[in-house]
Amino acid sequence: NSLRMADNSGLQYRVGMLSDVHLHTQNSYYSDSFTDFDNALRFFNAANVAFTCTCGDITENGIEAEFARYQEIVAANPASPVYTTTGNHDATQSGINEAIWKQYTGYGLVYEVSKTVNGQTDHFQTARPTSTSSWECLPGTLQRLTLQQT
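Residues numbered from 1 in each chain as written. Predicted model: local features only at pLDDT ≥ 70, side-chain atom pairs only at ≥ 80, totals over all residues. Heavy atoms only, no water.

Draft legend 1. Quick peek at the packing of aromatic side chains. Under the definition given, this model contains four aromatic pairs. Consider the rings of Phe37 and Tyr70, whose centres lie 5.7 Å apart with planes at 20°: the pair is stacked. Residue Phe37 is found in helix 1 (residues 32-46), and its partner Tyr70 is found in helix 2 (residues 64-75); the two are separated by 33 residues along the sequence. By relative accessible area, Phe37 is classed as buried at 2%. (Phe/Tyr/Trp six-rings, centres within 6.5 Å; stacked < 30°, edge-to-face > 60°. Helix = DSSP H or I, 4+ residues; strand = E, 2+ residues; numbered from the N terminus. Buried < 20%, exposed > 50% of the residue type's maximum accessible area, 1.4 Å probe, protein only.)

Draft legend 2. Region of interest: helix 2. Relative to the 16 Å expected for 12 residues at 1.5 Å per residue, helix 2 spans 16 Å between its end C-alpha atoms, a close match to the ideal helical length. Restricting attention to buried positions, one finds in helix 2 the residues Glu66, Phe67, Tyr70, Ile73 and Val74. Along the axis of helix 2, the buried residues cluster in a sector spanning 125°; they form a single face. Close packing links the buried residues of helix 2 with helix 1, strand 3 (82-85) and helix 3 (98-105). (Expected span 1.5 Å × (residues − 1). Arc of directions from axis to C-beta. Contact = heavy atoms within 4.5 Å.)

If you want it as structure tokens, here you go:
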């Protein structure tokens, strides 16, 4: 299969969207997740996206080794920034370790990613944890990562 971008030359910007990457260091069944994530970022970078948003679950088990692989793959694809919201798989039984999250993503826990251009705000992901295994979508009332027009 081959991927291609639609001709959207009239748009103000392009965004790469991913969900449920599930980088997994403990099971060979998921070993392609590293290659798949890297290939997706390379594709988006070649398409000149303004940024890529991953909508949670960047890890399978919320452990530091998986976050380290996320950071490694993002760093290897520096053409456009990558932002991610937290997902239930990014937590362990005791919740999301905010210090590890910040160390490997570069910012605190994020529940919404939005971008405003010419007064128009686009919301790409809005969710919050209700427990370590349950999330709900809601209006943008929690911590936000707001991207400025460049």
